[in-house]
Amino acid sequence: MARHFVIDCDTAEDDIMSLYMLLRNGVEVEGVTIVEGNIAYEQEVNNALWALEFVSGKVNKDIKVYPGSDRSLVKSFKTVENVHGKGGIGDEIVRPKKLRPEPKRAPQAILELADRYAGELEFLAISPLTNLALAYLMDKSIVEKVKKVWVMGGTIYGRGNITPVAEFNIWVDPDAAKLVFNAGFDITMVAWDLITNYVVEEDEWERIKAMDTEMAKFYVRIYKHYREFAMKHQKMRGNPHPDLITTAVALNREVIKRSERQYVDVENCDCLTRGMTVIDYLDLWGKEPKAEVVYGIDKDKFMDMLFHLLSWF
Ligand code: RIB
Ligand code: CA
């Protein structure tokens with residue numbers, strides 16, 4: 001049976017490769033929704049359109065890009081060009097040649113797609129949760145219509161990236177995240193301090209650089225900046241794949257080595273711990289454990305999926 005996805009992006013390198021992994025694995029991408037986050041919002045829209053043009057000859061349907069929120073619900077936030085480069089794929093600034101975004105806004109598109117694929121639609125949230133929160137506030141019945149929300153976000157053990165305790169997607173819009181985690185969606189959460197254990201190591205990077213496919217060359221081009229930043233400033237031995245591991249989990253549950261159903265809440269104060277995800281791992285609060293928290297990834301299975309993607313064309 002076909003699977004129907006909306007992928008919500010703050011379009012930097014890992015968002016782009018996540019879109020490609022969905023397409024490479026034959027799921028129906030019913031929409032790409034754009035939300036505030038990594039870099040200047042207009043460039044996030046341009047990146048998504050430009051990325052779709054790169055694979056246009058390999059995909060047999062027009063994938064629609066729906067602009068969404070360009071700011072968080074309540075709080076201010078900052079973009080992170082230092083992490084991903086000014087263009088989100090390094091400092092290169094790209095523009096689509098022909099493709100243009102849809103006039104329809106993302107929250108409305110999400111609601112319409114949830115109606116069209118009621119009970120089947122899956123939402124891949126590899127970005128701040130503002131668009132999904134807005135759709136939920138517009139029509140709470142979306143909770144019953146969306147089959148699954150796959151979230152790249154938060155931390156398990158409080159080791160963040162944008163602050164010492166908060167992961168960027170949740171920190172950008174903690175109010176939206178708090179709404180989404182408490183709305184009743186069936187969530188699987190892939191946390192930052194989980195995925196940092198599964199970076200692309202030197203030998204794997206060299207293997208990718210030696211590949212003779214357009215996709216492998218594209219990958220090296222768009223990840224070079226992020227890899228250098230992660231190794232220099234985030235104590236990592238290579239480039240991490242927060243979005244792509246979340247996408248791989250969504251596509252193939254065998255990528256999950258261990259997970260637990262737990263209640264997760266979000267700190268949305270304007271304070272030191274803004275954006276912290278709080279996991280009730282001892283069930284102290286007795287609240288329904290609506291989130292599946294992933295605690296272990298099978299890196300071999302993930303890397304197999306990455307190399308399958310890089311060998312596409
Ligand atoms: O914290 C990592 C996440 O923040 C990734 O999704 C990255 O693209 C940014 O959105
Ligand atoms: Ca992202």
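Residues numbered from 1 in each chain as written. Chains lettered and ligands numbered in written order. Predicted model: local features only at pLDDT ≥ 70, side-chain atom pairs only at ≥ 80, totals over all residues. Heavy atoms only, no water.

### As for the coordination of the calcium ion (ligand 2)
And step 1. Protein coordination at the calcium ion (ligand 2): the donors are Asp10 (OD), Asp15 (OD), Asp15 (OD), Ile126 (O) and Asp243 (OD), at 2.2 to 2.9 Å from the metal.
And step 2. Each donor residue of the calcium ion (ligand 2) belongs to the same chain, with the gaps between them written as D-x4-D-x110-I-x116-D. Here Ile126 lies in the loop between β4 (121–125) and α5 (130–138) and Asp10 lies in the loop between β1 (4–9) and α1 (13–24), a separation of 116 residues in the sequence.
And step 3. Classification of Asp10 as buried rests on a relative accessible area of 1%.
And step 4. Residue class for Ile126 comes out buried when judged on its relative accessible area of 0%. (Donors = N, O, S within 2.8 Å, 3.2 Å for Na, K, Ca; no water. Helix = DSSP H or I, 4+ residues; strand = E, 2+ residues; numbered from the N terminus. Buried < 20%, exposed > 50% of the residue type's maximum accessible area, 1.4 Å probe, protein only.)

### So, the pattern of salt bridges
And step 1. What the rule picks out here adds up to 19 salt bridges.
And step 2. With its nearest N and O atoms 2.8 Å apart, the salt bridge here joins Glu260 to Arg258. (Salt bridge = Lys/Arg side-chain N within 4 Å of Asp/Glu carboxyl O.)

### Thoughts on the UniProt feature "domain: Inosine/uridine-preferring nucleoside hydrolase" (unreviewed entry) in the chain
And step 1. Under the UniProt annotation, the feature "domain: Inosine/uridine-preferring nucleoside hydrolase" (unreviewed entry) is placed at residues 6–304.
And step 2. Within the segment residues 6–304, helix and strand shares are 39% and 17% respectively, and the terminal C-alpha atoms sit 24 Å apart. (UniProt positions renumbered as here; feature names shortened; annotations may be inferred.)

### Focus on the site of ligand 1
And step 1. Around ligand 1, the neighbouring residues are Asp10, Asp15, Asn38, Ile126, Met152, Asn161, Glu167, Phe168, Asn169, Trp192 and Asp243.
And step 2. Contacts to ligand 1 include Asp10, whose side-chain N or O atom sits 2.6 Å from an oxygen atom.
And step 3. The contact in question runs from an oxygen atom of ligand 1 to an N or O atom on the side chain of Asp243, over 2.5 Å.
And step 4. When ligand 1 is considered free in solution it has 280 Å² of accessible area, and contact with the protein chains removes 97% of it.
And step 5. A class-by-class count of the residues in the shell around ligand 1 yields four nonpolar, three polar and four charged. (Near = heavy atom within 4 Å. Polar contact = N/O pair within 3.5 Å; in protein donor to acceptor, adjacent residues only side chain to side chain. Areas by Shrake-Rupley, 256 points an atom, 1.4 Å probe, with all protein chains shown as cover. Nonpolar A, V, L, I, M, F, W, Y, C, P; charged D, E, K, R; others polar.)

### Considerations on the pairing of strand β6 (residues 187–190)
And step 1. Burial along β6 is two-sided: the face carrying Ile187 and Met189 and the face carrying Thr188 and Val190 are both buried.
And step 2. Sheet topology places strand β5 (residues 146–152) next to β6; four bridges connect them, and they run parallel. When the sheet's bridge partners are listed, Val151 is paired in β6 with Met189.
And step 3. The sheet contact formed by β6 and strand β10 (residues 291–297) spans three bridges and is parallel. For Thr188, the partnering residue across the bridge sits in β10 and is Glu292. (Pairing = 2+ DSSP bridges.)

### Here's the deal with the packing of aromatic side chains
And step 1. Under the definition given, this model contains 10 aromatic pairs.
And step 2. Between Tyr263 and Trp285, the aromatic rings sit 6.0 Å apart at their centres with planes inclined by 75°, giving edge-to-face as the arrangement. Taken together, the residues span a long stretch of sequence, with Tyr263 in the loop between β7 (256–262) and β8 (264–266) and Trp285 in the loop between β9 (277–279) and β10 at a distance of 22 residues.
And step 3. Members of the aromatic cluster, connected to one another through ring pairs, are Tyr20, Trp50, Phe54, Phe218, Trp312 and Phe313.
And step 4. If you follow Arg207 out to its NZ or CZ, it ends over the ring of Phe307, 3.7 Å from the centre. (Phe/Tyr/Trp six-rings, centres within 6.5 Å; stacked < 30°, edge-to-face > 60°. Lys NZ or Arg CZ within 6 Å of the ring centre and 35° of its normal.)

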